[in-house]
Amino acid sequence: QVQLVESGGGLVQAGGSLRLSCAATGRTFSSRAMGWFRQAPGNEREFVGYITWRGGGTDYADSVKGRFTISRDYAKNAMYLQMNSLKPEDTAVYYCAASLSMSSSYYAVTSYDYWGQGTQVTVSS
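Everything quoted here is computed from the prediction, not taken from an experiment.

So what about the state of the cysteines? Which residues, and what values?
For the structure shown, the criterion picks out one disulfide. Disulfide pairing places cysteine 22 opposite cysteine 96 at an S-S distance of 2.1 Å. Around the S-S axis, the bridge from cysteine 22 to cysteine 96 shows a dihedral of about 60 degrees and counts as right-handed. On the criterion of sequence distance, the pair formed by cysteine 22 in strand β3 (residues 18-26) and cysteine 96 in strand β9 (residues 92-99) is long-range, its members being 74 residues apart. Judged by relative accessible area, which is 0%, cysteine 96 ranks as buried.

Break down the nonpolar core for me, with residues and values.
A general tendency of soluble globular proteins is for nonpolar side chains to be buried together. Leu4, Trp36, Leu81, Met83 and Tyr94 are the most contacted members of the largest nonpolar core, which totals 36 residues. Contributions of two or more residues to this core are made by β1 (2-7), β3, β4 (33-39), β5 (46-52), β7 (68-73), β8 (78-83), β9 and β11 (119-124). A per-element tally of this core places β9 first, with five residues. Excluding residues that lie within four positions of it along the chain, methionine 83 makes contacts with Gly16, Ser17, Leu18, Leu20, Arg67, Phe68, Tyr94 and Val121.

Residues and numbers for the pattern of salt bridges, please.
Scanning the entire structure with this criterion turns up four salt bridges. Its salt-bridge partner being glutamate 46, residue arginine 38 comes within 2.6 Å of it at the nearest N-O pair. Classification of arginine 38 as buried rests on a relative accessible area of 6%. One salt bridge connects aspartate 90 with arginine 38, and the closest N-O pair in it is separated by 2.9 Å. Taken together, the residues aspartate 90 in the loop between β8 and β9 and arginine 38 in strand β4 connect sequence positions 52 residues apart. As far as burial versus exposure is concerned, aspartate 90 and arginine 38 are alike and both buried.

Requested: an account of unusual backbone geometry, with residues and values cited.
The phi torsion at asparagine 77 lies on the positive side, around 55 degrees, for a residue other than glycine. For asparagine 77, a relative accessible area of 22% puts it in the partly exposed group. Despite not being glycine, serine 85 shows a phi value in the positive range, around 50 degrees. Looking at the secondary structure, you find serine 85 in the loop between β8 and β9. Classification of serine 85 by relative accessible area gives partly exposed; the value is 42%.

Rules of the game
Residues numbered from 1 in each chain as written. Predicted model: local features only at pLDDT ≥ 70, side-chain atom pairs only at ≥ 80, totals over all residues. Heavy atoms only, no water. Disulfide = S-S within 2.5 Å. Helix = DSSP H or I, 4+ residues; strand = E, 2+ residues; numbered from the N terminus. Buried < 20%, exposed > 50% of the residue type's maximum accessible area, 1.4 Å probe, protein only. Core = buried A, V, L, I, M, F, W, Y, C linked by side-chain atoms within 4.5 Å. Contact = heavy atoms within 4.5 Å. Salt bridge = Lys/Arg side-chain N within 4 Å of Asp/Glu carboxyl O.

Given below as structure tokens:
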């Protein structure tokens with residue numbers, strides 16, 4: 001079992017920045033990758049980005065490339081999402097997730113085994 005807890009959400013003006021954190025506890029050594037997803041009201045949960053747990057490789061959705069950066073602190077079992085140049089369309093509940101699978105693809109919701117409870121990010125125009 002892996003437990004995930006997000007924090008750092010809030011209200012920010014367009015153009016501003018936020019940093020989300022995801023703290024992982026439990027069998028974290030078994031995680032292969034961790035990802036960030038978001039879900040706006042009425043929309044499906046969508047991929048934001050992922051990081052491989054050991055190698056630190058990352059990839060991002062086109063909509064956030066160049067603005068969002070994922071990092072992880074291996075020793076603290078924590079993952080971060082630095083969000084810059086925020087836009088109103090970034091408003092959503094943001095979720096972190098952990099995958100136990102060795103895969104070349106971590107873009108789908110179904111690639112992940114554990115999820116946090118989510119943290120709200122609201123960007124005002």
